[in-house]
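# A structural walkthrough
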Amino acid sequence: MKTLMELLNSFWNSPVGPKTAHFWGPAVNWGIPIATVVDTRKPAETINGRMTTVMCVYSALYMRFAWMVQPRNIHLLICHASNETLQLYQLSRWASAHGAEERGSK
Amino acid sequence: MAAAKLQALWNHPAGPKTIHFWAPTFKWGISIANIADFSKPPEKLSYPQQIAVTATGIIWSRYSTVITPKNWNLFSVNIAMAGTGLYQLSRKLRHDYSSEAAVAKE
């Protein structure tokens with residue numbers, strides 16, 4: 001059983017740890033899903049359908065990238081998997097709002 | 001001669017048969033959307049968003065040189081992101097601080 005200190009040390013000195021860009025790249029990317037969580041509380045009319053669709057393609061591509069890059073970057077994979085989920089949710093909200101709009105005008 | 005070079009590009013480890021090509025290539029679309037926003041009035045720009053874009057660009061430029069395969073496509077798109085982010089930040093700062101100076105004089 002590793003002690004807490006040993007775990008912290010192995011994280012700190014990890015070849016993909018906080019002393020490396022392999023950590024900070026994904027870390028800064030978390031800004032996108034976090035901003036999206038904030039946006040889920042806003043009304044669906046404020047959603048930009050085009051940008052949300054772009055984000056869906058973007059995160060799908062980067063999930064694949066995170067898996068194939070050397071060294072494999074699970075942190076990045078989780079970040080983009082989260083964003084993909086959130087963006088698809090936002091897209092469904094946008095689609096419902098637009099569907100309702102069309103039905104209302106008929 | 002040209003055919004040999006084209007073949008080398010086609011078969012490159014970060015070439016068009018791989019995710020290492022398509023992920024950064026798609027990201028250019030986002031930078032281009034940013035450039036379209038150069039004509040947006042500074043009041044409509046968001047400090048958190050532009051800081052995030054700039055920070056992402058800088059950190060990812062470094063990240064793209066330490067991964068395997070080294071990815072110059074990814075490097076250049078992130079330099080562009082950092083550049084457009086910095087430009088947008090300077091526009092907004094100049095607007096906010098020159099307006100304050102004008103108001104303070106009154």
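Residues numbered from 1 in each chain as written. Chains lettered and ligands numbered in written order. Predicted model: local features only at pLDDT ≥ 70, side-chain atom pairs only at ≥ 80, totals over all residues. Heavy atoms only, no water.

Going by an unreviewed UniProt entry, chain B carries the name Mitochondrial pyruvate carrier and comes from Sphenostylis stenocarpa. On record in UniProt, under Function (unreviewed entry), the comment for chain B is "Mediates the uptake of pyruvate into mitochondria." Under the heading Sequence similarities (unreviewed entry), UniProt records this for chain B: "Belongs to the mitochondrial pyruvate carrier (MPC) (TC 2.A.105) family." (UniProt positions renumbered as here; feature names shortened; annotations may be inferred.)

Per an unreviewed UniProt entry, chain A carries the name Mitochondrial pyruvate carrier and comes from Sphenostylis stenocarpa. On record in UniProt, under Subcellular location (unreviewed entry), the comment for chain A is "Mitochondrion inner membrane". Listed under Function (unreviewed entry) in UniProt, the entry text for chain A is "Mediates the uptake of pyruvate into mitochondria."

## What about the side chain of A:Asn73?
Considering the arrangement of structural elements, one finds A:Asn73 in the loop between helix H4 (49-68) and helix H5 (74-105). Within the structure, the side chain of A:Asn73 is placed 3.0 Å from the backbone nitrogen of A:Leu76, a separation counted as a polar contact. Side chain to side chain, A:Asn73 and B:Tyr63 meet in a polar contact 3.0 Å long. (Helix = DSSP H or I, 4+ residues; strand = E, 2+ residues; numbered from the N terminus. Polar contact = N/O pair within 3.5 Å; in protein donor to acceptor, adjacent residues only side chain to side chain.)

## Quick look at the layout of surface pockets
Of the pockets and cavities examined, the largest pocket occupies roughly 1,400 Å³. As for the largest pocket, its lining consists of 38 residues, and the residues nearest its centre are A:Asp39, A:Asn48, A:Met51, A:Met55 and B:Gln49. Looking at the lining of the largest pocket residue by residue, the classes come out as 17 nonpolar, 14 polar and seven charged. Of the voids in this model, the second largest pocket is the one considered here, and its volume is about 180 Å³. (1 Å grid on protein atoms, 1.4 Å probe; cavity = no way out; pocket = protein on both sides within 12 Å on 5 of 7 lines; lining within 4 Å. Points joined across faces, edges and corners; volume = space filled by probe spheres on them. Nonpolar A, V, L, I, M, F, W, Y, C, P; charged D, E, K, R; others polar.)

## So, the packing of helix H2 (residues 21-29) of chain A against helix H3 (residues 31-40) of chain A
Residues and elements named next belong to chain A. For the pair H2 and H3, interaxial distance at closest approach is 4 Å and the crossing angle is 15°. The angle between the axes of H2 and H3 places the two elements in the roughly parallel class. Residues Ala 27, Val 28 and Asn 29 of H2 lie in contact with H3, whose contacting residues are Gly 31, Ile 32 and Pro 33. Considered class by class, the residues forming the contact of H2 with H3 number four nonpolar, two polar and no charged. (Axes fitted to C-alpha atoms, helices over the stretch in contact; angles between N-to-C directions. Parallel < 35°, antiparallel > 145°, perpendicular 65-115°, else oblique. Contact = heavy atoms within 4.5 Å.)

## What to know about the packing of H4(A) against helix H2 (residues 19-36) of chain B
Their axes nearest at 9 Å, the elements H4(A) and H2(B) cross at an angle of 150°. When the interaxial angle is binned, H4(A) and H2(B) end up roughly antiparallel. By crossing handedness, the relation of H4(A) to H2(B) is classed as left-handed. For the pair H4(A) and H2(B), contact is made by A:Val54, A:Met55, A:Val57, A:Tyr58, A:Leu61, A:Tyr62, A:Arg64, A:Phe65 and A:Met68 and by B:Ile19, B:His20, B:Trp22, B:Ala23, B:Pro24, B:Phe26, B:Lys27 and B:Ile30, respectively. Tallied by class, the residues present in the contact of H4(A) with H2(B) amount to 14 nonpolar, one polar and two charged. (Left-handed = near helix turned anticlockwise from the far one by under 90°.)

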